[in-house]
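Now for the letters of each chain:
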Amino acid sequence: MQRLGAIAIGNSGYLLPNDSTNQERYEWLAATVRKYGGEVSVLRIESIDNISFAQLAERFTDARTDSYKALIRHLLKYIATPPDRRPPIQSLRLRNRFEEIVAMDFFENPLRRRAEELIERMEERDAKSRSETEETRLRIRDFSRTTWVTRPRPGIDRCASAWLIRNFVDKKARFVFASEEQKPKGAVAFDMYKGRFGHRGDDCTFETLEKVFHIRDSRVRAIGQMVHDADLFDNKFGRKEGYGIDAVMKGWGCQRSLTDKELIERGISLVDGVYRSLS
């Protein structure tokens, strides 16, 4: 129950905000309890006579305070550590822990913004500390006929990155889709939380690939700006076209009849059309 972010009500009640995700979690947990002979009921509650909504929200918020404080301490310690002494996997663990806490932070604890700022600072510093020599050793011929893996239901950044890979890095690239825990052995991950090529600092995955493979093309740079604005939604470059491309891809993504492979191939064709139009 703690891992779901529930708060206790009385001696045997546990409360979560009513949404489809939490309802599914409770129903799954109830089925497990019953499977082993336990008794449990899942209730939908409209109000509690002696606890106001504001009081409930405050209890949920307070329940996350200690978790955020502990995360912030770890982040400050990690950021203060010299780059050559930082455990390579630690930043990923801190990012994952942050996302776990956010998933249970239903009413936005005030410490959330502070933790988010430190996560951004950590990732920006990690990106800057990566050796330039490591990136220059990346040779396109080393990625020929590679299997590239990314998350299911690809959107604008993943589709555009796939287009970039197929046109400038690996013309015989094969794309597969998997969760973080089920990545095929030997596949090169892109736009995944635990992958070689993903967001770095202020860059989206497309921009990361563009830089590490030293792709010098003004049209690619323009597409990267569109993808950045649509994916990060910060309007850094003012490229409104990206929002239109993103909307089309999201529309396709809502069609469950389309497979992940069909989605990425459609996305590649769409980005290719944009690239040609820029000529």
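What comes next is a walk through the structure. (Residues numbered from 1 in each chain as written. Predicted model: local features only at pLDDT ≥ 70, side-chain atom pairs only at ≥ 80, totals over all residues. Heavy atoms only, no water.)

**Some points on the pairing of strand β3 (residues 147-150)**
Reasoning step 1: Relative to strand β4 (residues 174-177), β3 runs parallel, the two sharing four bridges. Its bridge partner being in β4, Thr147 is matched across the sheet by Arg174.
Reasoning step 2: Regarding topology, helix α6 (residues 156-169) serves as the crossover connection from β3 to the parallel β4, and that connection is right-handed.
Reasoning step 3: Across two bridges, the pairing between β3 and strand β5 (residues 188-189) is parallel. Of the residues in β5, the one forming a bridge with Val149 is Ala189. (Pairing = 2+ DSSP bridges. Helix = DSSP H or I, 4+ residues; strand = E, 2+ residues; numbered from the N terminus. Right-handed = clockwise from strand over helix to strand, strands pointing away.)

**Thoughts on the pattern of salt bridges**
Reasoning step 1: For the coordinates displayed, the defined rule picks out 16 salt bridges.
Reasoning step 2: Across the salt bridge formed by Arg113 and Glu116, the nearest N and O atoms sit 3.0 Å from each other. With Arg113 and Glu116 both in helix α4 (residues 111-129) and three residues apart, this pair spans about one turn of that helix.
Reasoning step 3: In this structure Arg113 comes out as partly exposed when scored by relative accessible area, which is 42%. (Salt bridge = Lys/Arg side-chain N within 4 Å of Asp/Glu carboxyl O. Buried < 20%, exposed > 50% of the residue type's maximum accessible area, 1.4 Å probe, protein only.)

**Re the environment of Asp157**
Reasoning step 1: Here Asp157 lies in helix α6.
Reasoning step 2: Taking the C-alpha atoms as reference points, Asp157 and Met226, 69 residues apart in sequence, are found 9.7 Å from one another.
Reasoning step 3: Not counting the four nearest positions on each side in its chain, Asp157 is found in contact with Asp191, His199, Cys204, Thr205, Phe206, Val227 and Asp231.
Reasoning step 4: A distance of 3.1 Å separates a polar side-chain atom of Asp157 from the backbone nitrogen of Phe206. (Contact = heavy atoms within 4.5 Å. Polar contact = N/O pair within 3.5 Å; in protein donor to acceptor, adjacent residues only side chain to side chain.)

**Quick notes on helix α9 (residues 241-253)**
Reasoning step 1: For α9, which comprises 13 residues, the first-to-last C-alpha distance of 19 Å matches the rise-based estimate of 18 Å (1.5 Å per residue) to within 8%.
Reasoning step 2: Here the buried face of α9 lies against α6, α8 (218-232) and α10 (260-277). (Expected span 1.5 Å × (residues − 1).)

**Details of the sheet that holds β5**
Reasoning step 1: The parallel open sheet is built from three strands, whose spatial order is β4-β3-β5. Each having just a single partner strand, β4 and β5 make up the two edges of the open sheet.

**Some points on the side chain of Ser67**
Reasoning step 1: Relative to the helices and strands, Ser67 is located in helix α2 (residues 53-80).
Reasoning step 2: Accessibility expressed as a relative area gives 19% for Ser67, which makes it buried.
Reasoning step 3: Sequence-distant contacts of Ser67, that is, excluding residues within four places in its chain, are made with Arg97 and Ile101.

**Describing the packing of aromatic side chains**
Reasoning step 1: Taken as a whole and assessed by the stated rule, the structure comprises 14 aromatic pairs.
Reasoning step 2: Relative to Tyr275, the ring of Phe168 lies with its centre 6.3 Å away and its plane at 80°, an arrangement referred to as edge-to-face. Of this pair, Phe168 sits in helix α6 while Tyr275 sits in helix α10; the two residues are 107 residues apart in sequence, bridging distant segments of the chain.
Reasoning step 3: Under the relative-accessibility criterion, Phe168 is labelled partly exposed at 25%.
Reasoning step 4: Judged by relative accessible area, which is 12%, Tyr275 ranks as buried. (Phe/Tyr/Trp six-rings, centres within 6.5 Å; stacked < 30°, edge-to-face > 60°.)

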